[in-house]
Amino acid sequence: MATRTAADRREEARTAYDAFLKECPTSQLLARISDKWVGLVLSALAQAEEQSLRYSDLGRKIPAVSQKMLTQTLRSLERDGLVTRTVTATVPARVDYRLTELGGSLGCLFSSVKQWAENHFDEVSAHRELHDRTATAP
């Protein structure tokens with residue numbers, strides 16, 4: 001039986017796309033999209049009635065996000081092909097963000113997760129309280 005090197009195993013993982021393996025590039029993608037700001041931005045854009053939102057609209061929709069984090073998140077989403085950025089030459093310049101087809105396929109999932117969290121928070125909170133009471137009991 002031939003012995004495989006670590007490099008061989010990494011190369012095999014790259015071609016197999018098994019996100020459970022640390023070396024697999026899909027685990028990096030999962031880490032990127034599991035960021036809370038990514039999820040909220042994708043969800044906000046997925047729920048936009050006009051299909052696009054201005055930077056300021058996104059900031060108002062997600063008031064807890066700082067300008068720096070919103071900018072970084074939008075740049076990373078644009079780089080990954082999930083969001084398109086359109087600049088309209090006006091004074092001041094108008095910048096709109098819209099989900100790409102790829103981003104739309106992910107945005108609808110995040111909208112569902114957001115809705116689930118909103119619908120089930122009270123239930124999860126009750127379970128947490130019960131667990132904390134029983135975990136600290138003598």
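Residues numbered from 1 in each chain as written. Predicted model: local features only at pLDDT ≥ 70, side-chain atom pairs only at ≥ 80, totals over all residues. Heavy atoms only, no water.

Below, the discussion takes up the layout of surface pockets. One water molecule sets the probe size; rolling that probe over the atoms shows where empty space is left. As a volume, the largest pocket reaches approximately 150 Å³. In terms of lining, the largest pocket is formed by Lys-36, Gly-39, Leu-40, Phe-110, Val-113, Lys-114 and Ala-117. In terms of residue count, helix H6 (residues 101-136) provides more of the lining of the largest pocket than any other element does, four residues in total. The residue makeup of the lining of the largest pocket, split by class, is four nonpolar, one polar and two charged. (1 Å grid on protein atoms, 1.4 Å probe; cavity = no way out; pocket = protein on both sides within 12 Å on 5 of 7 lines; lining within 4 Å. Points joined across faces, edges and corners; volume = space filled by probe spheres on them. Helix = DSSP H or I, 4+ residues; strand = E, 2+ residues; numbered from the N terminus. Nonpolar A, V, L, I, M, F, W, Y, C, P; charged D, E, K, R; others polar.)

The topology assignment puts Thr-100 in the loop between strand E3 (94-99) and H6. Of note is the side chain of Thr-100, whose polar atom sits 2.6 Å from the backbone oxygen of Gly-81. When neighbours within four sequence positions are excluded, Thr-100 is seen to be in contact with Gly-81, Leu-82, Val-83 and Thr-84. (Polar contact = N/O pair within 3.5 Å; in protein donor to acceptor, adjacent residues only side chain to side chain. Contact = heavy atoms within 4.5 Å.)

Ranked by internal contacts, the top residues of the largest apolar core, which has 22 residues, are Val-41, Leu-42, Leu-45, Leu-58, Leu-77, Val-83 and Tyr-97. Contributions of two or more residues to this core are made by helix H3 (36-46), helix H5 (67-79), E3 and H6. A total of six residues in this core trace back to one element, the largest contributor, which is H3. Beyond its immediate chain neighbours, meaning those up to four positions away, Leu-45 contacts Leu-53, Leu-58, Val-83, Tyr-97 and Leu-99. (Core = buried A, V, L, I, M, F, W, Y, C linked by side-chain atoms within 4.5 Å. Buried < 20%, exposed > 50% of the residue type's maximum accessible area, 1.4 Å probe, protein only.)

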